[in-house]
There are 4 protein chains.
Amino acid sequence: MTHFTTTQSIPKITKQWIVDGQNGLDSLKYTEGPIPDLGDTQVLVKIHAVSLNYRDLIIPQGKYPWPVKPGVVPGSDGAGIVLAVGKNVTRFQPGDKVVTMLNQLHIAGPVTNQSNKHGLGGSVDGTLRTIGAFDEQGLVPVPECLTYIEAATLPCAGLTAWNALFGLSGKAVTAGQYVLTQGTGGVSIFALQFAKAVGARVIATTSSNEKALFLQRLGADHVINYRETPDWGSRVKQLTPGGVGVDLVVEVAGPTTLKQSAASVKLDGTISVVGFVGGESKETMPSLLDTWINLFTARGLWVGSRLQMEDMCRAIEANPDRLHPVVDPRVFKLSQVKEAYEYLASGKHQGKVCVEIEH
Amino acid sequence: MTHFTTTQSIPKITKQWIVDGQNGLDSLKYTEGPIPDLGDTQVLVKIHAVSLNYRDLIIPQGKYPWPVKPGVVPGSDGAGIVLAVGKNVTRFQPGDKVVTMLNQLHIAGPVTNQSNKHGLGGSVDGTLRTIGAFDEQGLVPVPECLTYIEAATLPCAGLTAWNALFGLSGKAVTAGQYVLTQGTGGVSIFALQFAKAVGARVIATTSSNEKALFLQRLGADHVINYRETPDWGSRVKQLTPGGVGVDLVVEVAGPTTLKQSAASVKLDGTISVVGFVGGESKETMPSLLDTWINLFTARGLWVGSRLQMEDMCRAIEANPDRLHPVVDPRVFKLSQVKEAYEYLASGKHQGKVCVEIEH
Amino acid sequence: MTHFTTTQSIPKITKQWIVDGQNGLDSLKYTEGPIPDLGDTQVLVKIHAVSLNYRDLIIPQGKYPWPVKPGVVPGSDGAGIVLAVGKNVTRFQPGDKVVTMLNQLHIAGPVTNQSNKHGLGGSVDGTLRTIGAFDEQGLVPVPECLTYIEAATLPCAGLTAWNALFGLSGKAVTAGQYVLTQGTGGVSIFALQFAKAVGARVIATTSSNEKALFLQRLGADHVINYRETPDWGSRVKQLTPGGVGVDLVVEVAGPTTLKQSAASVKLDGTISVVGFVGGESKETMPSLLDTWINLFTARGLWVGSRLQMEDMCRAIEANPDRLHPVVDPRVFKLSQVKEAYEYLASGKHQGKVCVEIEH
Amino acid sequence: MTHFTTTQSIPKITKQWIVDGQNGLDSLKYTEGPIPDLGDTQVLVKIHAVSLNYRDLIIPQGKYPWPVKPGVVPGSDGAGIVLAVGKNVTRFQPGDKVVTMLNQLHIAGPVTNQSNKHGLGGSVDGTLRTIGAFDEQGLVPVPECLTYIEAATLPCAGLTAWNALFGLSGKAVTAGQYVLTQGTGGVSIFALQFAKAVGARVIATTSSNEKALFLQRLGADHVINYRETPDWGSRVKQLTPGGVGVDLVVEVAGPTTLKQSAASVKLDGTISVVGFVGGESKETMPSLLDTWINLFTARGLWVGSRLQMEDMCRAIEANPDRLHPVVDPRVFKLSQVKEAYEYLASGKHQGKVCVEIEH
């Protein structure tokens, strides 16, 4: 193979997990495979860290609503070092530290049917392996101030939060606005941090006083225990000047919270809807017509574009003290991926669940 | 009264309708009243034309969900000529032709609790009278190319359509985009015209072939008869290149159409939700979570600001052939307001139902 | 006068300065005048603090390029308490703390010929008096965390800086961007603070190492002494990652600095041009064609709108630690206005030069 | 070569022009070369049409201010059909009609130092050849309603005009605004057409009454003969309501016109500076400080991004009657490229000078 440049010796084999079936953890198999041929515009990456997401949990369960490639290497997020580059690569060189994009083709602008078909760990091979090849368009430099593990938390949780706050150009969060975040999941923590970094105020909901302390240490201006205050929407409004409500809600829970979120948002405010980790609920969710009745904007979003990822990485580099990703202290090895999945599913983590890959 | 300037003799009395009760048309009373004292920043307007809106129908029925002043003069929209101006008025002088704003205090930016409390014909006296006094901030010059009757169609229907298309800065309709409009009501016709004026393409739904012809003459690129194609969402997608769907839906009907609207819109597209003239439906409406499942933005909006109204008027002046408001041929006199309300309620009109006021 | 509401006794007389001629300080006269009649939409304000601006210096010198009313009360900036309100006032009530807008009619949107004709202390009476009447549209509530003196620094210096950073919607400063500020004048210090408050990085120029320390304490990431590095444009580029240059320059000096500013800005970056306090220079300034040759946007701006002022005040309230206006320790009394002007002209101040008015 | 897919037989040889030296037309050599190896993400294009630009004239003269590859194939613009695609190509397939991007790497967002180094016909091989290989990221589908020749006019002239009108998000041209265009060059004609297509009004300058007629037929609302009215800036202002000036100037001439352009633009308006085809002038150009004195924004721009190109192509497809590129009737063959360059240099053309390539 002479058609690419490298400064390191390239292994012949990659260790990797694959998703073989839809039986949950039993479908995860730890195997070996050949190093892929490197295309002209591809970059060979030695992967050092991976973070796990809710999406990774449901793919081996067969519950993921978009296509999954049979035998796919799982893993949505990863960070590592460039081993070699194809002959037409212009963006990277060997030795560069890189982090992956979830949607490999979503460079900028709106999501398209096309850009949505190349998700790592779903329709194309992901990051739970020692070495992978990715098109140069699907990678971004690791922010200087972050470790591989920290960088591996960015592609899904970080970018989703960034997009939720800043992705709608006429309604991007700015200094002085109020943002509501829900709980202590990855997206919510990033949203809290990003909001504080641009001078906004944050009201956070949570289920325990212990987590409330954690959120306050991260900078939350107000924390509401939603178990003690199930009708927390009106409490949120009270906490804002004039009782008008928050400018933006980062909605991660879905059915269980949307009603309170709609009660929290101000006139002409925004609810960024990024998932439904709260699971099902017997309560009827507000309908689309509620956007008119209560006058707000509800914006669904899926992760974000590479341009947004690059903006986010610049913001992190400029605020190394305020924007450190929160990683759960329990970090797993590549061989322990099943334990990592179980830990994520248990909900006991605080911060992102990560896998560190030794070489 | 020496503290204002005028070039005309001012009548002592205004004829006016008032809303006396919540018994529907029986609550409308035709009376006389004194000319109001003119405040320092107010403008005295001889009203020449009024257009009627759905809102005007439900206010005397007691069904309007916001506060109504007892004995209010109804009428949301009006156009006329300035008779006199208060001593501190800077924006107008006697002889100017003006059109009213629905929300008298909404000058620019988002709707606020404050700006929302000064709606003509609801919380403050409206336009169904021969002479009224309005703060100069709540008036806009009539576009040169329009008659009083045409201008009177702008404050509610016109501005709502304008805001629906262009009000969300990151997602304003531009040349080449696809817009879906529903039916032949005032907002929908304006939306069709504005979309065509900026070079967009329009798919319109309607209930009859006769109305379809009318929509095509107004410039609709495609018309779908929703009686023949109840599942029209998928048909809309087929009509767009690549089957991706439309960039924007102007949602006026609500419960009866939102499901198909959500099926019509492209990834990262927008549904502007401006009302529910379609009435109730047994079908469950899409919930806010659908914005995430199908990836779109749903934006509720109420009319618009004076800055938007001024932009709209400039656009109309620049496109006198393409942007003529559509007025139903049956125009009523001030004494015939009840007939006008009945005609609007009948749904037989095509274009805005207007009242011309003789002096 | 029964047509307005108040809770306090209103003095009969206001002390005031007037500009009588164009002989510099000799034109400033300290006089008394009657309390103005209060219009229906006006607010009577007991003024507690004023800050001075370069504009105030040149108005009595006859060098101001826009119209000045003969005998005008000078003073562009002021803050005080509401004594009484006209009968149609909706935005304020007696006891409210308010700060003035420089351009009384610029509520939102672009500057117009009309909105530009009502500048306090120039075409209409300003703030260097004990009591003044202002239209309610030309006032904004004082941010809760500020004193009157601090609030009085906002209308010119604060708002200009805010507009320079955030006023061009497609190019508003965000977290991670680089901003260049020049010196230690009022606008530059606010620009530095606002940039840091939203997570951007700041490179500041100055003329002495003492001022450099001051700028670093305010949060500047890098400070360049332009006396030691006259060719500082290339130094600025070196300080940015990849040597690409800064995203935004806040240009306050003009002829003496524009060449270096153009050398500092990145491709597709922005120079916000807000004045020429640097005075004349023998060097030829870059021409408009340089925006094409070096690919950047140069945006002239004059202060800002009330909507922007309100956004700025919210940002200040949300960041009371980071966004405290810097006031020079030497604060003057109303009778000492000439000394205050001289102190401002001397350039010895650090932070805004303010006048406190005792009652 | 098995690593790409095709449905056609691929020639072995391409005819091509090269730039051999800096002696003007004498440096242009008509030669043959091998078909390039097709990279994994590259697309092999049989080129059917090329349009010429001012840039193409000065590259063989050695006057181009950016790097030029020795022996480069000239030609900035081209359109053709896909013959074959590399194995990793996702955006195109054989048989697709495509048009090239000038800056092959500028996909979206601001110009970067990196994206600026891959200009066709300058730093990388261009379009004056029968067959070329381009990365799939540097191509866009031809709008359905256009011929190859028409499509070949889009990448430089069309996209520059589009970016000039719509590229600054807060100041994009909308219906009702006034736009000033200069002369009958490629960018100016496109700017006129795009402005009219979105409902704006156009004032155009020109040098002869014959060209004035041509501009009026294209839709210009007003035409000013700048030979008869050298002080045309004030005339432009008179033509706008209230004498306020135009919202946007598309500045193509530079030194000879910028003074009048600055006199034409309204407060807070924009001058998009896209070149200096007017050549040198003895007059001093307005400086960057004039953006503050007269309150406007001057924005330099270079062509535009692929995302903008795609938006433009959608707009053209939606307005096939209004947005047909204007091609000079004299179309050249590939062997006549020197005559084509001479014709372009002569200034006698009206519309784009194009080369049609026979196969």
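Predicted model only: the values in this text are computed from it and were never measured.

**Q** How would you explain the relation of the copies chain B and chain D if you had to name every residue and give the values?
**A** When chain B is fitted onto chain D, the two copies agree to an RMSD of 0.0 Å after a turn of 180° and an axial shift of 0.0 Å. Taken together, the rotation and translation describe the operation of a two-fold axis. Closest to the rotation axis within chain B is the C-alpha of Val 198 of chain B, separated from it by 1.9 Å. Residue by residue, 100% of the interface of chain B is reproduced at the interface of chain D, so both copies engage with the same surface.

**Q** A description of the sheet that holds strand S10 (residues 201-206) of chain D should follow, citing residues and the corresponding values.
**A** Strand order in the open sheet formed by twelve strands is S11(C)-S10(C)-S9(C)-S12(C)-S13(C)-S14(C)-S14(D)-S13(D)-S12(D)-S9(D)-S10(D)-S11(D), and the pairing between neighbours is mixed. Of all the strands in the sheet, the pair left with one neighbour each is strand S11 (222-225) of chain C together with strand S11 (222-225) of chain D. Averaged over all pairs of adjacent strands, the angle between their axes in this sheet comes to 15°, without regard to strand direction. With four bridges joining them, S10 of chain D and S11 of chain D adopt parallel strand pairing.

**Q** Which residues make up the domain arrangement of chain A, and what values go with them?
**A** Accessible area lost upon the coming together of the parts is a frequently used measure of interface size. Residues and elements named next belong to chain A. Entries for chain A in the domain assignment read domain 1 (4-156 + 304-356) and domain 2 (168-300). Taking only C-alpha atoms, the centre of domain 1 and the centre of domain 2 are 29 Å apart. Listed per partner, the contact involves twelve residues of domain 1 and eleven residues of domain 2. Taking both sides of the interface into account, the surface hidden between domain 1 and domain 2 amounts to around 1,100 Å²; carbon and sulfur atoms contribute 67%. There are one residue pair in polar contact (both at pLDDT 80 or more) connecting domain 1 and domain 2.

**Q** So what's going on with the side chain of Thr 291 of chain B? Which residues, and what values?
**A** Turning to its location among the elements, Thr 291 of chain B is positioned in helix H8 (residues 290-293). For Thr 291 of chain B, a relative accessible area of 0% gives the class buried. Polar contacts involving the side chain of Thr 291 of chain B include one to the main-chain carbonyl oxygen of Leu 288 of chain B, which spans 2.7 Å. Each residue touching Thr 291 of chain B, except ones within four places of it in the same chain, is listed here: Val 273, Leu 288, Ala 298, Arg 299 and Gly 300 of chain A together with Phe 296 and Ala 298 of chain B.

**Q** How would you explain the interface of chain A and chain B if you had to name every residue and give the values?
**A** Listed per partner, the contact involves 37 residues of chain A and 37 residues of chain B. With both sides pooled, the region where chain A packs onto chain B buries about 3,200 Å², and carbon together with sulfur makes up 70% of that total. The largest contributions to the chain A side of the interface with chain B come from Leu 288, Leu 289 and Trp 292 of chain A, which together make up 24% of the buried area. For the pair chain A and chain B, the number of links is 15 residue pairs in polar contact (both at pLDDT 80 or more). Only strand S13 (265-273), helix H8 (290-293) and strand S14 (296-300) of chain A provide two or more residues apiece to the side of chain A that touches chain B. If one sorts the elements of the side of chain A that touches chain B by residue count, S14 of chain A sits on top with five residues. Looking at the side of chain A that touches chain B residue by residue, the classes come out as 23 nonpolar, eleven polar and three charged. Two elements, S14 of chain A and strand S14 (residues 296-300) of chain B, share three bridges in a ladder whose sense is antiparallel. By the bridge assignment, Ala 298 of chain A is partnered in S14 of chain B with Ala 298 of chain B.

**Q** Which residues make up the packing of aromatic side chains, and what are the values?
**A** Residue and element names in this part refer to chain D. Scanning all chains against the criterion turns up 37 aromatic pairs over all chains. Ring geometry for Trp 17 and Tyr 30: centres 4.8 Å apart, planes at 25°, overall stacked. A residue pair is termed long-range when its members are at least 10 positions apart, and Trp 17 in strand S2 (residues 13-19) and Tyr 30 in strand S3 (residues 28-34) qualify at 13 residues. Exposure remark for Trp 17: the relative accessible area of 3% places this residue in the buried category. According to the relative accessible area criterion, Tyr 30 is partly exposed, its value standing at 37%.

**Q** With reference to specific residues and values, describe the interface of chain B and chain D.
**A** Facing 19 residues of chain B, the contacting portion of chain D comprises 19 residues. Each partner contributes to the roughly 1,300 Å² buried at the junction of chain B and chain D, and carbon and sulfur atoms together form 43% of this total. It is Ala 175, Arg 314 and Ala 318 of chain B that lose the most area in chain B upon contact with chain D, and together they represent 35% of the buried surface on that side. On inspection of chain B and its partner chain D, the count reaches two salt bridges. The closest approach of N and O atoms between Asp 247 of chain B and Arg 314 of chain D, which form a salt bridge, is 3.1 Å. Connecting chain B to chain D are ten residue pairs in polar contact (both at pLDDT 80 or more). Here the side of chain B that touches chain D gets five residues from one element, more than from any other, and that element is helix H9 (residues 306-318) of chain B.

**Q** Explain helix H10 (residues 337-346) of chain A residue by residue, including any values.
**A** All names here are of chain A. Listed as buried for H10 are Val 337, Ala 340, Tyr 341, Tyr 343 and Leu 344. In an axial view of H10, the angular spread of the buried residues amounts to 160°, which keeps them on one side of the axis. Summarising the contacts, the buried residues of H10 are in contact with strand S2 (13-19), strand S3 (28-34), helix H1 (54-58), strand S15 (332-333) and strand S16 (354-356). Taken from the residues just after H10, Gly 347 is the one with a positive phi, measuring 75°.

**Q** Which residues make up the UniProt feature "domain: Enoyl reductase (ER)" (unreviewed entry) in chain A, and what are the values?
**A** When the UniProt feature table is mapped to this numbering, "domain: Enoyl reductase (ER)" (unreviewed entry) covers residues 24-355 of chain A. Along residues 24-355 of chain A the backbone is 26% helical and 23% strand, and the end-to-end C-alpha distance reaches 19 Å.

**Q** Please set out the packing of helix H3 (residues 154-166) of chain D against helix H4 (residues 186-197) of chain D residue by residue, giving values where relevant.
**A** All names here are of chain D. With their axes 8 Å apart at the nearest point, H3 and H4 run at an angle of 50° to one another. Here H4 runs oblique to H3, going by the angle between their axes. The two elements H3 and H4 cross, and the hand of that crossing is right-handed. Taken together, the residues of H4 that come into contact with H3 (itself represented by Leu 154, Ala 157, Gly 158, Thr 160, Ala 161, Trp 162, Leu 165 and Phe 166) are Gly 186, Val 187, Phe 190, Ala 191, Phe 194 and Ala 195.

**Q** So what's going on with the pairing of S14 of chain A? Which residues, and what values?
**A** All names here are of chain A. Taken across its five residues, S14 has five buried, putting it largely inside the fold. Burial along S14 is two-sided: Phe 296, Ala 298 and Gly 300 and Thr 297 and Arg 299, pointing in opposite directions, are all buried. As judged from the five bridges shared by S13 and S14, these two strands associate in the parallel manner. Each residue of the ladder has a partner; that of Ser 272, found in S14, is Arg 299.

**Q** Kindly report on the environment of Val 353 of chain A, identifying the contributing residues and their values.
**A** Residues and elements named next belong to chain A. You can see Val 353 is positioned in the loop between H10 and S16. Measuring from C-alpha to C-alpha, the distance between Val 353 and Ala 220 comes to 22 Å, with 133 residues separating the pair along the chain. In this structure Val 353 touches Val 50, Ser 51, Leu 52, Phe 332, Ala 340, Tyr 343 and Leu 344, once residues within four positions along its chain are discounted.

**Q** I'd like a rundown of the pairing of strand S6 (residues 97-100) of chain C, residues and numbers included.
**A** Residue and element names in this part refer to chain C. Pairing of strand S5 (residues 79-86) with S6, which is carried by three bridges, proceeds in the antiparallel orientation. Bridging across to S6, Ile 81 finds its partner in Lys 97. Bridging between S6 and strand S8 (residues 139-141) involves three bridges; their strand directions are antiparallel. Its bridge partner being in S8, Val 98 is matched across the sheet by Pro 141.

**Q** Just give me the short version of the pattern of salt bridges, but keep the residues and values in it.
**A** Across all of its chains, the model carries 32 salt bridges over all chains by this definition. Salt-bridge contacts for Lys 29 of chain B lead to Asp 20 of chain B; the nearest nitrogen and oxygen are separated by 3.3 Å. The exposure class assigned to Lys 29 of chain B is partly exposed, which follows from its relative accessible area of 33%. Of the charged contacts in the structure, one is a salt bridge between Glu 310 of chain C and Arg 91 of chain C, with a shortest N-O distance of 3.6 Å. Of the two residues, Glu 310 of chain C is situated in helix H9 (residues 306-318) and Arg 91 of chain C in the loop between S5 and S6; the sequence distance between them amounts to 219 residues. Classification of Arg 91 of chain C as partly exposed rests on a relative accessible area of 26%. It is possible to trace a salt-bridge network through shared partners that takes in Arg 91, Arg 306 and Glu 310 of chain A.

**Q** Give me the relation of the copies chain A and chain B: which residues, what numbers.
**A** Once turned by 180° and shifted 0.0 Å along the axis, chain A lies on chain B with an RMSD of 0.0 Å. Comparing interface residues between copies, 100% of those in chain A also lie at the interface in chain B; the contact surface is shared.

**Q** An account of the sheet that holds strand S10 (residues 201-206) of chain B is needed here, citing residue identities and associated values.
**A** Taken in spatial order, the twelve strands make up an open sheet running S11(A)-S10(A)-S9(A)-S12(A)-S13(A)-S14(A)-S14(B)-S13(B)-S12(B)-S9(B)-S10(B)-S11(B), and their pairing is mixed. One side of each edge strand has no neighbouring strand; the edge strands of this open sheet are strand S11 (222-225) of chain A together with strand S11 (222-225) of chain B. Looking at each pair of strands side by side, their axes are set apart by 15° on average, direction ignored. Strand contacts of helix H5 (residues 209-217) of chain B: S10 and S11 of chain B, with the helix running at about 160° to S10 of chain B, the strand carrying the most contacts.

**Q** Tell me about the confidence of the model for chain A, and name the residues and values.
**A** For chain A, the average pLDDT comes to 94, and 98% of its residues sit at 70 or higher. Predicted complex metrics record ipTM = 0.95 and pTM = 0.96.

Rules used in this analysis
Residues numbered from 1 in each chain as written. Chains lettered and ligands numbered in written order. Predicted model: local features only at pLDDT ≥ 70, side-chain atom pairs only at ≥ 80, totals over all residues. Heavy atoms only, no water. Least-squares fit on C-alpha atoms with pLDDT ≥ 70 in both. Contact = heavy atoms within 4.5 Å. Pairing = 2+ DSSP bridges. Helix = DSSP H or I, 4+ residues; strand = E, 2+ residues; numbered from the N terminus. Axes fitted to C-alpha atoms, helices over the stretch in contact; angles between N-to-C directions. Domains from an automatic or database assignment. Buried area = accessible area lost by both parts, 1.4 Å probe. Polar contact = N/O pair within 3.5 Å; in protein donor to acceptor, adjacent residues only side chain to side chain. Buried < 20%, exposed > 50% of the residue type's maximum accessible area, 1.4 Å probe, protein only. Nonpolar A, V, L, I, M, F, W, Y, C, P; charged D, E, K, R; others polar. Phe/Tyr/Trp six-rings, centres within 6.5 Å; stacked < 30°, edge-to-face > 60°. Salt bridge = Lys/Arg side-chain N within 4 Å of Asp/Glu carboxyl O. Arc of directions from axis to C-beta. UniProt positions renumbered as here; feature names shortened; annotations may be inferred. Parallel < 35°, antiparallel > 145°, perpendicular 65-115°, else oblique. Left-handed = near helix turned anticlockwise from the far one by under 90°. pLDDT = per-residue confidence, 0-100.

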